[in-house]
Structure formats: C-alpha cells, structure tokens
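Report on the structure
In case you want the letters, here they are:
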Amino acid sequence: QRAHDAMMIDELQQLLEDAQARSERHSLQCRALRSEVGVLEQQAVEASASSASTAGHHLASRARVAELERLLADSQATTASFARQQGVLRAKLLEQEQCQESQIFGDCASSRQALLMA
C-alpha cells in the first residue's frame, strides 16, 4: 500500500510540476502576445495619424486644384472678352480708314453711326 501511495504521490508531483511548467510557458506567451498587441496598436495609431495627414493633404490639394480651375475659367472669360473688344476695335478702325478714303461720297457718317450702335 505504501509503495502504491508513494508512486501516486510521485505521479501527482510530476503532474503538478508539468502543470506549473505549462503555466509558466503560457504566462510567457501571454506577455509576448500582449507586447505584440501593444506594438500593433501603436502602429495602428501611427498609421491612422499618417492617413489623416494624407487625407488632409489630399483635401488641400483638391481645394487648390479647384481654385486653379476657377482662375483658369476667369482667365478664359477675360481672354474671350478682350478678343471681342479687339474685333470691335478692328472693325471701327477699318471703318474709320474707309471713311477717310471715301469722304467724298458722304457714306462715312451713316457707316460710323451703324458701327457705333453695334
């Protein structure tokens, strides 16, 4: 009976030692995983901050592009207006030159009046 009890105690002690070793390994693994989770969380925070910064730059770039497009449209409208004015001035100059050449015929006054109304 004593030999059997001693053997049972030895087995229980061995099982207890194995359980303690497993528990220590598990604790080490948990600490390593917690550490890794901490590193990953920090990386996620940094990536989120970087993404927010990039999004901010993107919005600023889009705003600048919109402003440049508006300025381009204004410039094109101004160019078109100047072209129309130039056309009118050329027509007036041509009419004036023709009037000077044909003052004899008396057409100058009526032509000038028609051009000024346009």
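As a starting point, this report considers the structure included with it.

Rules of the game
- Residues numbered from 1 in each chain as written.
- Predicted model: local features only at pLDDT ≥ 70, side-chain atom pairs only at ≥ 80, totals over all residues.
- Heavy atoms only, no water.
- Helix = DSSP H or I, 4+ residues; strand = E, 2+ residues; numbered from the N terminus.
- Buried < 20%, exposed > 50% of the residue type's maximum accessible area, 1.4 Å probe, protein only.
- Areas by Shrake-Rupley, 256 points an atom, 1.4 Å probe, with all protein chains shown as cover.
- Salt bridge = Lys/Arg side-chain N within 4 Å of Asp/Glu carboxyl O.

1. Focus: the overall build of the protein
The number of helices and strands found in the protein is two helices and zero strands. By the burial criterion, 4% of the 118 residues in the protein qualify as buried. When the accessible surface of the protein is summed, it comes to about 10,300 Å², and 58% of that surface belongs to carbon and sulfur atoms.

2. Quick look at the pattern of salt bridges
A complete count under the given rule lists two salt bridges for this structure. Here arginine 70 and glutamate 67 are joined by a salt bridge, their closest N and O atoms 2.8 Å apart. Of this pair, arginine 70 and glutamate 67 both sit in helix 1 (residues 2–101), three residues apart, which is roughly one turn of that helix. Looking at arginine 70, the relative accessible area reads 41%, which means it is partly exposed. Close ionic contact of arginine 70 with aspartate 74 constitutes a salt bridge, the shortest N to O distance being 2.8 Å. One end of the pair, arginine 70, and the other, aspartate 74, are both in helix 1, four residues apart, so they sit about a helical turn from each other. Taking the relative accessible area as the measure of exposure, aspartate 74 reaches 38% and is therefore partly exposed.

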